[in-house]
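# Architecture and fold: a report
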Amino acid sequence: MKTHCAGNSERCWALVNGFIAGLDACENHEDAFSGFMRFLWRFLELMGVQPDAGYCAHCGKKLSEGYYSAVDNGFSCRECSGKGGTFYLSTAAFAFLQGISVLSPQEAVNVMLTAEACGQVKSLLYFLLESACGAKLVTLKTAAGIL
């Protein structure tokens, strides 16, 4: 992996094994895609670059929707975002990311993505992962039509 397991091979191995075990339990494409998004969000946390999706980086208000700013590497509420950030996230997208952060993997699997939130989360996570790695990840771009 380009990230060298974020310097924590054992934790990365557990994360990857959990992801693969979760894929085995998937019944459809939507379940598999949600599992992949959960894996990426957790991997960003493992690397230490996951932004806090719970609170506005500027005023500390609990977030239910808002914007991610690449400049701030954080989320902002509508009031603090001004004209917006790099990525807008709906209430469903925030619920998904927040659920992954606070729930156990067994509980987080029940937090589903809406069609709208799916695109928002995918765009954000691909951007964050590529930013963290410092390179475009060709596999993600090649598989864009599949994932």
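Residues numbered from 1 in each chain as written. Predicted model: local features only at pLDDT ≥ 70, side-chain atom pairs only at ≥ 80, totals over all residues. Heavy atoms only, no water.

### Observations concerning the overall build of the chain
If you tally the helices and strands in the chain, you get seven helices and three strands. When each of the 147 residues of the chain is scored for burial, the buried share is 39%. Counting only contacts in the chain whose residues sit at least 6 apart along the sequence, the fraction spanning at least 24 positions is 54%. Carbon and sulfur atoms form 56% of the exposed surface of the chain, whose accessible area is close to 8000 Å². (Helix = DSSP H or I, 4+ residues; strand = E, 2+ residues; numbered from the N terminus. Buried < 20%, exposed > 50% of the residue type's maximum accessible area, 1.4 Å probe, protein only. Contact = heavy atoms within 4.5 Å. Areas by Shrake-Rupley, 256 points an atom, 1.4 Å probe, with all protein chains shown as cover.)

### Describing the pattern of salt bridges
Inspection of the entire model under this criterion finds three salt bridges. Between Glu79 and Lys61 there is a salt bridge, and its shortest N-O distance comes to 3.0 Å. Remark: Lys61 occurs in the loop between helix H2 (29-47) and strand S1 (66-69) and Glu79 occurs in helix H3 (residues 78-81); sequence separation between them is 18 residues. For Lys61, a relative accessible area of 41% corresponds to the partly exposed category. In this structure, Lys136 engages Glu130 in a salt bridge whose closest nitrogen and oxygen atoms are separated by 3.5 Å. Note on Lys136: relative accessible area 59%, which makes it exposed. (Salt bridge = Lys/Arg side-chain N within 4 Å of Asp/Glu carboxyl O.)

### Here we look at the side chain of Arg38
Considering the arrangement of structural elements, one finds Arg38 in helix H2. One buried charge, Arg38, has no salt-bridge partner; the nearest side chain with opposite charge is Asp31, at 7.0 Å. Excluding residues within four positions of it along the chain, Arg38 makes contact with Asp31, Phe96, Ile100, Ala108, Val109 and Val111. (Lys, Arg positive; Asp, Glu negative; His and termini not counted.)

### What to know about the sheet that holds S1
Read across the open sheet, the three strands follow the order S2-S1-S3; overall the sheet is antiparallel. At either margin of the open sheet sits one strand with a lone partner, and together these are strand S2 (74-76) and strand S3 (87-89). With direction set aside, neighbouring strand axes in the sheet form an average angle of 30°. The pairing of S1 with S3 spans three bridges and is antiparallel. Each bridged residue has a counterpart across the sheet, and for Tyr68 the counterpart in S3 is Phe87. Helix H4 (residues 91-102) rests against S1, S2 and S3 of the sheet, and its axis sits at about 85° to S3. Its contacts with the sheet put helix H6 (residues 115-133) on S1, S2 and S3, and the angle it makes with S3 is roughly 135°. (Pairing = 2+ DSSP bridges. Axes fitted to C-alpha atoms, helices over the stretch in contact; angles between N-to-C directions.)

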